[in-house]
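Fold and contact review
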Amino acid sequence: MPEREMYYLTEEGARQLEQRIGEIRAKMAEDAKWLTNSPALSAPIEDYYHSQLELNRLLAIQKQAHIVNQEEAQKLGIGRRITILDPEVGEPEEFVVLSSQESKPSEGIISFESPLAMATLGRENGEVIEITTPSGRQQITLLQTNWIFFNVNDENRDQEKRN
């Protein structure tokens, strides 16, 4: 039996997934009112079919989702805000690291599995890092890493004070 894929989500990601499932179900219920009068190969039938496929995909993710706790998030690097300097860009760039299902690269939200997120995990601010991306190798400088979930920054500061 093949192993099931694990989908890591933050609590907010799980909430957004539930909301999207509800939206699709509501749209499909509304669309179903009109389907009986639609020809078999019409746009409304096709839209309904695509909605059903999307709903099935999201329900599969929900069924196999794992909500990360603080310890898991820290280990995976989920919930970080990283600021880098890429010499090719010339200005600092900021990214939020979340799960694959929550990533939106065009909005600066990247997956913890991305080359950039993996390369910066556990690195120090100011460190020059070489990363390998689909477009090749490049060097970046990690300017800053902050945890944006779970009050991890406060816990790290408290731990540093004790040491």
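Not measured: the values here are computed from a predicted model.

1. Regarding the overall build of the protein chain
Assigned secondary structure in the protein chain consists of five helices and seven strands. For the protein chain, the α and β elements follow one another from N to C terminus as β-α-α-β-α-β-β-β-α-β-β-α. Relative to its 163 residues, the protein chain shows a buried fraction of 32%. Taking the contacts inside the protein chain whose residues are at least 6 apart along the sequence as the reference set, 52% of them involve residues at least 24 apart. Carbon and sulfur atoms provide 50% of the accessible area of the protein chain, an area that totals close to 10900 Å².

2. Some points on helix α1 (residues 11–35)
With 25 residues, α1 ought to run about 36 Å at 1.5 Å a step, and its terminal C-alpha atoms sit 36 Å apart, in line with that. Gly 13, Leu 17, Ile 21, Ile 24, Met 28, Asp 31 and Leu 35 are the residues of α1 that are buried. Those residues of α1 that are buried are in contact with β1 (7–9) and α2 (43–63).

3. What to know about the layout of surface pockets
By volume, the largest pocket is sized at about 310 Å³. Lining the largest pocket we find 15 residues, and of these Gln 16, Leu 17, Leu 58, Gln 101 and Glu 102 sit closest to its centre. Within the lining of the largest pocket, the residues separate by chemical class into four nonpolar, five polar and six charged.

4. So, the pattern of salt bridges
All told, the structure shown has seven salt bridges when counted by the stated rule. Of the charged contacts in the structure, one is a salt bridge between Arg 15 and Glu 12, with a shortest N-O distance of 2.5 Å. Of the two residues, Arg 15 and Glu 12 are both situated in helix α1; the distance of three residues between them amounts to about one turn of the helix. Since its relative accessible area comes to 43%, Arg 15 is described here as partly exposed. The salt bridge involving Glu 54 is made with Arg 57; its shortest N-O contact spans 2.9 Å. Separated by three residues within a single helix, Glu 54 and Arg 57 lie in helix α2, roughly one turn from each other. The exposure class of Glu 54 is partly exposed, given its relative accessible area of 25%.

5. As for the nonpolar core
Counting 19 residues, the largest nonpolar core has Ile 82, Ile 110 and Leu 116 as its most contacted members. At the level of secondary structure, the elements contributing two or more residues to this core comprise β3 (80–85), β4 (92–98), β5 (109–111), α4 (115–120), β6 (128–133) and β7 (136–147). If one sorts the elements of this core by residue count, β4 sits on top with four residues. The contacts of Leu 116, once residues within four sequence positions are left out, are Ile 82, Ile 84, Phe 95, Ile 110, Ile 131 and Ile 140. Among the nonpolar cores identified, the runner-up in size contains nine residues, and Tyr 7, Met 28, Leu 58 and Ile 61 belong to it.

6. Regarding the environment of Thr 120
Tracing the backbone shows Thr 120 in helix α4. With relative accessibility at 1%, the residue Thr 120 sits in the buried group. Expressed as a C-alpha distance, the spacing of Thr 120 and Ile 82, which sit 38 residues apart in the sequence, is 8.1 Å. Of note is the side chain of Thr 120, whose polar atom sits 3.0 Å from the backbone oxygen of Leu 116.

Scoring rules and cut-offs
Residues numbered from 1 in each chain as written. Predicted model: local features only at pLDDT ≥ 70, side-chain atom pairs only at ≥ 80, totals over all residues. Heavy atoms only, no water. Helix = DSSP H or I, 4+ residues; strand = E, 2+ residues; numbered from the N terminus. Buried < 20%, exposed > 50% of the residue type's maximum accessible area, 1.4 Å probe, protein only. Contact = heavy atoms within 4.5 Å. Areas by Shrake-Rupley, 256 points an atom, 1.4 Å probe, with all protein chains shown as cover. Expected span 1.5 Å × (residues − 1). 1 Å grid on protein atoms, 1.4 Å probe; cavity = no way out; pocket = protein on both sides within 12 Å on 5 of 7 lines; lining within 4 Å. Points joined across faces, edges and corners; volume = space filled by probe spheres on them. Nonpolar A, V, L, I, M, F, W, Y, C, P; charged D, E, K, R; others polar. Salt bridge = Lys/Arg side-chain N within 4 Å of Asp/Glu carboxyl O. Core = buried A, V, L, I, M, F, W, Y, C linked by side-chain atoms within 4.5 Å. Polar contact = N/O pair within 3.5 Å; in protein donor to acceptor, adjacent residues only side chain to side chain.

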